[in-house]
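Residues per chain, in single letters:
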Amino acid sequence: SNTIMPPICSRTAWAALLPQRRSFSSAVAVSSSNNQHPRKHRYVAYALAAVSSLSAVSLYTRHNRHEKVSSLTSVEDSGLLSRNKALHIIETIKRAGLMGSTKSVKEELNLLRKYHVENGYHGGLIVRDLSQPLFSFNECKDAKNTAVESDSYMCDDNLVKDTVNVKSSVESDTNSSEKNIDMAQRECYYLYYEIKPNGHSKQEIFCRGTTLLVDVLTCLQSWFVHDEELGCHVHHGFKKHADRVVEDVLPLLAKPSDLSTVEVSGHSLGGAVALLVAVKLKKRGYRVTNVLSVAGPRVCRAEKDRDALERLLPSQTIRIENDLDIVPFLPPSGVSAGDKLWLVSDKGQEKAFMLPKAWLKDPANSWAESVLLNLKLFETIWYQSKTHKVATHVTRLKKNLEDVINE
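These numbers were taken from a predicted model, which means no experiment stands behind them. (Residues numbered from 1 in each chain as written. Predicted model: local features only at pLDDT ≥ 70, side-chain atom pairs only at ≥ 80, totals over all residues. Heavy atoms only, no water.)

Undergrad: I would appreciate a short explanation of the overall build of the protein in the present structure.
TA: Along its length, the protein carries 15 helices and 11 strands. The proportion of buried residues among the 407 residues of the protein is 46%. Of the contacts formed within the protein by residues at least 6 apart in sequence, a portion of 72% connects residues at least 24 apart. For the protein, the exposed surface amounts to about 21600 Å²; the carbon and sulfur share of it is 55%. (Helix = DSSP H or I, 4+ residues; strand = E, 2+ residues; numbered from the N terminus. Buried < 20%, exposed > 50% of the residue type's maximum accessible area, 1.4 Å probe, protein only. Contact = heavy atoms within 4.5 Å. Areas by Shrake-Rupley, 256 points an atom, 1.4 Å probe, with all protein chains shown as cover.)

Undergrad: Explain the pattern of salt bridges to me, please; I cannot follow it from the model alone.
TA: Scanning all chains against the criterion turns up 17 salt bridges. One network of salt bridges, in which partners are shared, links Asp 227, Glu 229, Lys 239, Asp 243, Lys 280 and Arg 284. (Salt bridge = Lys/Arg side-chain N within 4 Å of Asp/Glu carboxyl O.)

Undergrad: What am I meant to see in the environment of Pro 256 here?
TA: Looking at the element boundaries, Pro 256 is found in the loop between helix H8 (236-249) and strand S7 (260-267). As a C-alpha pair, Pro 256 and Gly 285 span 29 residues in sequence and 5.9 Å in three-dimensional space. Pro 256 has contacts with Arg 284, Gly 285 and Tyr 286, leaving out every residue within four places of it along the chain.

Undergrad: Hey, could you run me through the packing of H8 against helix H9 (residues 269-283) in this one?
TA: Helix-helix packing is described using two parameters, namely the angle between the two axes and the distance between the axes. Here H8 crosses H9 at 60 degrees, and the two axes come no closer than 9 Å. Taken together, the axes of H8 and H9 are oblique relative to one another. The handedness of the crossing between H8 and H9 is right-handed. Contacts from Phe 238, Lys 239, His 241, Ala 242, Asp 243, Val 245 and Val 246 in H8 reach Leu 269, Ala 272, Val 273, Leu 276, Val 277, Lys 280 and Leu 281 in H9. (Axes fitted to C-alpha atoms, helices over the stretch in contact; angles between N-to-C directions. Parallel < 35°, antiparallel > 145°, perpendicular 65-115°, else oblique. Left-handed = near helix turned anticlockwise from the far one by under 90°.)

Undergrad: In this structure, what is going on with the pairing of strand S11 (residues 349-355)? I would like to understand it.
TA: Here is the key point about a regular strand: its side chains alternate between the two faces of the sheet. One ladder, built from 7 bridges, connects strand S10 (residues 339-346) with S11; its direction is antiparallel. Paired with Lys 340 across the bridge in S11 is Leu 355. The turn linking S10 back onto S11 is made up of 2 residues, and Lys 347 within it adopts a positive phi angle of 55 degrees. (Pairing = 2+ DSSP bridges.)

Undergrad: It is not clear to me how the confidence of the model for the protein should be interpreted in this structure. Could you clarify?
TA: Segments scoring low in pLDDT should not have their predicted coordinates read at a detailed level. In this model, the protein carries a mean pLDDT of 78, and residues with pLDDT of at least 70 account for 74%. pLDDT under 50 marks residues 136-184. Its contacts with residues more than four places away, or in other chains, come to 98 contacts. (pLDDT = per-residue confidence, 0-100.)

Undergrad: Explain the nonpolar core here, please?
TA: Nonpolar side chains tend to gather and get buried jointly when the protein is soluble and globular. In terms of nonpolar packing, the biggest core is built from 38 residues, with Ile 205, Leu 281, Val 299 and Leu 309 touching the most fellow members. Of all the secondary structure elements, the ones that give two or more residues to this core are strand S3 (189-195), strand S4 (201-207), strand S6 (232-235), H8, S7, H9, strand S8 (288-294) and helix H10 (303-312). A per-element tally of this core places H9 first, with 10 residues. Residues in contact with Val 299, not counting those within four places in the same chain, are Phe 224, His 233, Val 234, His 235, Phe 238, Ala 272, Leu 275, Leu 276, Leu 309 and Val 335. By size, the runner-up hydrophobic cluster in this structure holds 21 residues, among which are Ile 90, Leu 292, Leu 343 and Val 404. (Core = buried A, V, L, I, M, F, W, Y, C linked by side-chain atoms within 4.5 Å.)

Undergrad: Would you take a moment to explain the pairing of strand S5 (residues 224-227) for this structure?
TA: Judged from the 4 bridges that link them, S5 and S6 form a sheet pairing that is antiparallel. Looking at S6, one finds that Asp 227 is bridged to Cys 232. Once S5 ends, the chain turns through 4 residues before running back antiparallel as S6, passing Gly 231 with a positive phi of about 75 degrees.

Undergrad: I keep staring at the packing of helix H4 (residues 83-96) against helix H14 (residues 390-400) and nothing clicks. Help me out?
TA: Put simply, H4 and H14 touch, their axes get as near as 9 Å, and they point 165 degrees apart. With respect to H14, the element H4 is oriented roughly antiparallel. Handedness of the H4/H14 crossing: left-handed. Only Val 390, Val 394, Leu 397 and Lys 398 of H14 make contact with H4, whose side of the interface consists of Ile 89, Ile 90, Ile 93 and Lys 94.

Undergrad: What is the right way to read a negative patch on the surface from this model?
TA: Residues Asp 77, Glu 402, Asp 403 and Glu 407 make up a contiguous surface patch of negative charge. Positionally, Asp 77 belongs in helix H3 (residues 75-78). (Patch = residues over 30% accessible without salt bridge, like charges linked within 9 Å, V, L, I, M, F, W, Y side chains within 5 Å. Lys, Arg positive; Asp, Glu negative; His and termini not counted. Charge placed at Lys NZ, Arg CZ, Asp CG, Glu CD.)

Undergrad: Which parts of the structure should I look at to understand helix H5 (residues 105-118)?
TA: Residue pairs spaced three or four apart in an α-helix point in one direction, given the helix's 3.6 residues per turn. Helix length check: H5, at 14 residues, gives a terminal C-alpha distance of 20 Å against a target of 20 Å (1.5 Å per residue), a fit within 8%. Looking one or two residues past H5, Gly 120 carries a phi angle of roughly 85 degrees, positive in sign. (Expected span 1.5 Å × (residues − 1).)

Undergrad: Would you mind going over unusual backbone geometry with me for this structure?
TA: Peptide bonds are mostly trans, and most non-glycine residues show a negative phi. Along the chain, Leu 330 connects to Pro 331 via a cis peptide bond; the corresponding omega equals -15 degrees. In this fold, Pro 331 is placed in the loop between strand S9 (316-322) and S10. The phi dihedral of Ser 268 is positive, around 60 degrees, even though this residue is not glycine. Of note, Ser 268 is situated in the loop between S7 and H9.

Undergrad: Could you clarify how one ought to interpret the packing of aromatic side chains in this entry?
TA: To describe a pair of aromatic rings, you give the distance between the ring centres and the angle between the ring planes. On inspection of all chains with the given rule, the structure shows 4 aromatic pairs. Centroid distance Tyr 190 to Phe 206: 4.8 Å. Interplanar angle 15 degrees. Geometry classified as stacked. With Tyr 190 in strand S3 and Phe 206 in strand S4, this pair connects stretches of sequence that are 16 residues apart. Like Tyr 190, the residue Phe 206 is buried in the burial classification. Among the aromatic side chains, those forming a connected cluster through ring pairs are Trp 342, Trp 359 and Trp 367. Over the ring of Tyr 121 we find Arg 95, and its NZ or CZ is 4.4 Å from the ring centre. (Phe/Tyr/Trp six-rings, centres within 6.5 Å; stacked < 30°, edge-to-face > 60°. Lys NZ or Arg CZ within 6 Å of the ring centre and 35° of its normal.)

Undergrad: Which parts of the structure should I look at to understand the environment of Gly 231?
TA: Checked against the element boundaries, Gly 231 lands in the loop between S5 and S6. Gly 231 gets classed as partly exposed once you look at its relative accessible area, which sits at 44%. Sequence-wise, Gly 231 and Leu 309 are 78 residues apart; in three dimensions their C-alpha atoms are separated by 8.4 Å. Apart from the residues within four sequence positions on either side, Gly 231 is in contact with His 226 and Ala 308.

Printed below as a string of structure tokens:
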């Protein structure tokens, strides 16, 4: 054989020419790192495809929506909203947004009193903890009832009178379960009442918006159940919330009569609850004259449920919605009730439209309630923390109703 063997002395040099051996673990690591690159590329491609699809759908819906919005008559030109009504709506929104910024019922009471005194109200205010929790935690089922405090007084500077101050005895050592109940029983509405010289009384209920964790849990109970009292399907969480408010407020209201009226308003969660509280009070014989829902979620399951609810609601039922606020679109499968005062941002211009409930029921106008057509996903996500606030609704209404207000 003519095979040439390397000399023994050059064994080291020969080994250097051979491929280096790698351990099994290092080989697997290299293989997996090579496989991760295509996987990352796929994820990036999927993300880009999703963004491109959303952008294309958004451009199409914006163009389609712009044509429809351009055909609407602004609230200033429609004549559907008088100056007094516009001012009343703005003032009611302010009062509906007063709750939820303090840490105790007493502080809440002082804040409410200060606002009403400074703005010329001379009726009575009632703020109190609920007798039962708004949301039942499993770990709190066997816990003891905590203190229930109720305060009522006149707004007149010269007369500050506590009419009720009831506290139940509790043990000094409060465990975590009892603390949860304290928060769950945090006041979620306040009552303003005023007795006029002719004997007529006006009572206004303001339902608080989402403030506590239990409020979020209430909103998440978004399946629809049949309300035997109302004869329609409504949001489960809002129904439970409204039932507790009605049970708690009934002893505070004057007996139903032609001499007393009730108005119910609320923001966010409180807006949805206000609709149900109003119809439940009307079923009990109370004369409910006005309902205002500000940025409230959807309450009913379908159109027939909305129709059943609207037969019980007063004619002066208005819901105010900002098209850059996602809350009025939730839950997407739900349906809203009442006339719609719509704050619209279209092609860089802000407009306001008053859409009567009869107009909204027309199938040709169903686009005005469509989530797909009206939800501006990117702007909504970016501006949500601002557009849902009470102050934003007040500012936009003042701007869009300037001509009506200055008449």
